[in-house]
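# Breakdown of the fold
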Amino acid sequence: MSRRPFIAGNWKMYKTGPQAVETATDLAKLCSGINDPEIMIAPTNLSLPLVAQAIKSSVVKVGAQNLHFQREGAFTGEVSADMIKAAGAEYILIGHSERRQYFGETDTCVCQKIKATLGAGLKPVLCIGETEAQRDEGKTYFILDKQVSDGLKGCGLGELSDLVLAYEPVWAIGTGKTASIDQVGEVHQHLRSLLGRLFSKDLADRTRILYGGSVKPENVKDIMDIEDVDGALVGGASLDADKFIKIIKYNE
Ligand code: 13P
């Protein structure tokens with residue numbers, strides 16, 4: 001089964017609206033004519049509609065980094081899936097380790113956000129990953145299995161056809177430490193078989209599993225060559241269009 005490679009940039013809390021539009025516009029020009037990989041950038045929610053509008057005729061897609069799971073209501077400071085959709089996004093990152101770590105997001109909350117995303121007709125990128133301590137204690141698979149099974153609890157097989165999974169070991173995010181080829185390969189293979197056990201072999205074969213954590217132009221090719229790695233979720237190195245395009249063109 002061939003899966004379309006996917007390179008996504010998570011811009012975290014970087015760039016004002018005009019700065020985001022400038023980088024997105026530069027990137028869109030550099031990406032002109034590219035069919036594979038699929039490309040997505042996730043600016044802040046404040047920049048999202050500006051970026052989506054600026055690059056709407058390009059191949060670069062836009063995603064959000066977070067949402068509230070309710071459709072609307074008295075939730076000061078929050079943004080719903082419908083609002084994100086109306087702003088021009090196609091994807092939403094859910095359960096990023098920074099959300100789990102600094103904002104107390106639990107697997108239950110992640111699951112509510114997945115359902116809200118699917119309900120709005122958007123595509124979820126479910127982010128999972130173990131901390132260094134959890135890996136050292138031999139709990140990596142226990143943690144990842146829980147994040148996936150609880151995060152997707154109650155989701156129907158038919159709803160998950162656009163699900164993307166992103167494995168981001170917490171100890172590799174923004175640290176310059178990349179997981180080894182063997183570590184990434186083992187985890188991705190494990191995750192695909194887990195999806196098979198939880199849902200179906202067909203869904204497991206179709207679901208794209210991205211790696212994230214210190215991906216850069218220098219290591220992206222080795223990472224993308226790993227079996228069961230279908231793409232990358234890039235933080236720091238996606239903030240600069242000239243650098244990010246080198247990651248997107250990993251095959252050239
Ligand atoms: P870095 O690429 O900066 O390590 O960040 C990874 C990440 O958190 C993407 O979501």
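Look up a bit, the structure's there.
Residues numbered from 1 in each chain as written. Predicted model: local features only at pLDDT ≥ 70, side-chain atom pairs only at ≥ 80, totals over all residues. Heavy atoms only, no water.

## Quick notes on the pairing of strand S2 (residues 38-42)
- When you tally the buried positions in S2, you get 5 out of 5 residues, the bulk of the element.
- The side-chain alternation of S2 yields two buried faces, one formed by Glu38, Met40 and Ala42 and the other by Ile39 and Ile41.
- Sheet analysis places strand S1 (residues 6-10) next to S2, joined by 5 bridges and oriented parallel. The partner of alanine 8 across the bridge, within S2, is methionine 40.
- Running through helix H1 (residues 17-30), the crossover from S1 to the neighbouring parallel element S2 is right-handed.
- Where S2 and strand S3 (residues 60-64) come together, 3 bridges link them in parallel fashion. Following the sheet pairing, isoleucine 39 is matched in S3 by valine 60.
- Where the polypeptide runs from S2 across helix H2 (residues 48-54) and back to S3, its parallel neighbour, the crossover connection is right-handed. (Buried < 20%, exposed > 50% of the residue type's maximum accessible area, 1.4 Å probe, protein only. Helix = DSSP H or I, 4+ residues; strand = E, 2+ residues; numbered from the N terminus. Pairing = 2+ DSSP bridges. Right-handed = clockwise from strand over helix to strand, strands pointing away.)

## Things to note about the site of the ligand
- Around the ligand, the surrounding shell holds 13 residues, and the nearest of these are Lys12, His96, Glu168, Gly174 and Ser214.
- Between an oxygen atom of the ligand and a side-chain N or O atom of glutamate 168, the distance comes to 2.9 Å.
- Alone, the ligand offers 310 Å² of accessible surface; in the complex the protein occludes 94% of this.
- Partitioning the shell around the ligand into residue classes produces 4 nonpolar, 7 polar and 2 charged. (Near = heavy atom within 4 Å. Polar contact = N/O pair within 3.5 Å; in protein donor to acceptor, adjacent residues only side chain to side chain. Areas by Shrake-Rupley, 256 points an atom, 1.4 Å probe, with all protein chains shown as cover. Nonpolar A, V, L, I, M, F, W, Y, C, P; charged D, E, K, R; others polar.)

## Re the nonpolar core
- Within the largest apolar cluster, 66 residues are counted, with the highest numbers of intra-cluster contacts made by Ile7, Ile41, Leu191, Tyr211 and Ile248.
- Among residues more than four places away in sequence, those in contact with isoleucine 7 are Pro37, Glu38, Ile39, Met40, Met224, Ala232, Val234, Phe244, Ile247, Ile248 and Tyr250.
- Listed in part, the 12 residues of the second largest apolar core include Met40, Cys127, Val164 and Leu210. (Core = buried A, V, L, I, M, F, W, Y, C linked by side-chain atoms within 4.5 Å. Contact = heavy atoms within 4.5 Å.)

## Focus: helix H5 (residues 107-119)
- Under the 1.5 Å per step criterion, the end-to-end length of H5 is 18 Å for 13 residues, consistent within 8% with the ideal 18 Å.
- Of all the positions in H5, only Asp107, Cys109, Val110, Cys111, Lys113, Ile114, Ala116, Thr117 and Leu118 are classed as buried.
- For H5, the elements touching its buried residues are helix H3 (81-86), strand S4 (91-94), helix H4 (97-103), strand S5 (123-128) and helix H7 (140-151).
- The positive-phi residue at the C-terminal boundary of H5 is glycine 121, with phi of around 75°. (Expected span 1.5 Å × (residues − 1).)

## A closer look at the environment of tyrosine 141
- Position of tyrosine 141 among the secondary structure elements: in helix H7.
- Using a relative accessible area of 30% as the deciding quantity, one classes tyrosine 141 as partly exposed.
- Counting along the chain gives 59 residues from tyrosine 141 to serine 200, while the straight-line C-alpha distance between them is 19 Å.
- Other than its neighbours up to four places away in sequence, tyrosine 141 contacts Glu186, Val187 and His190.

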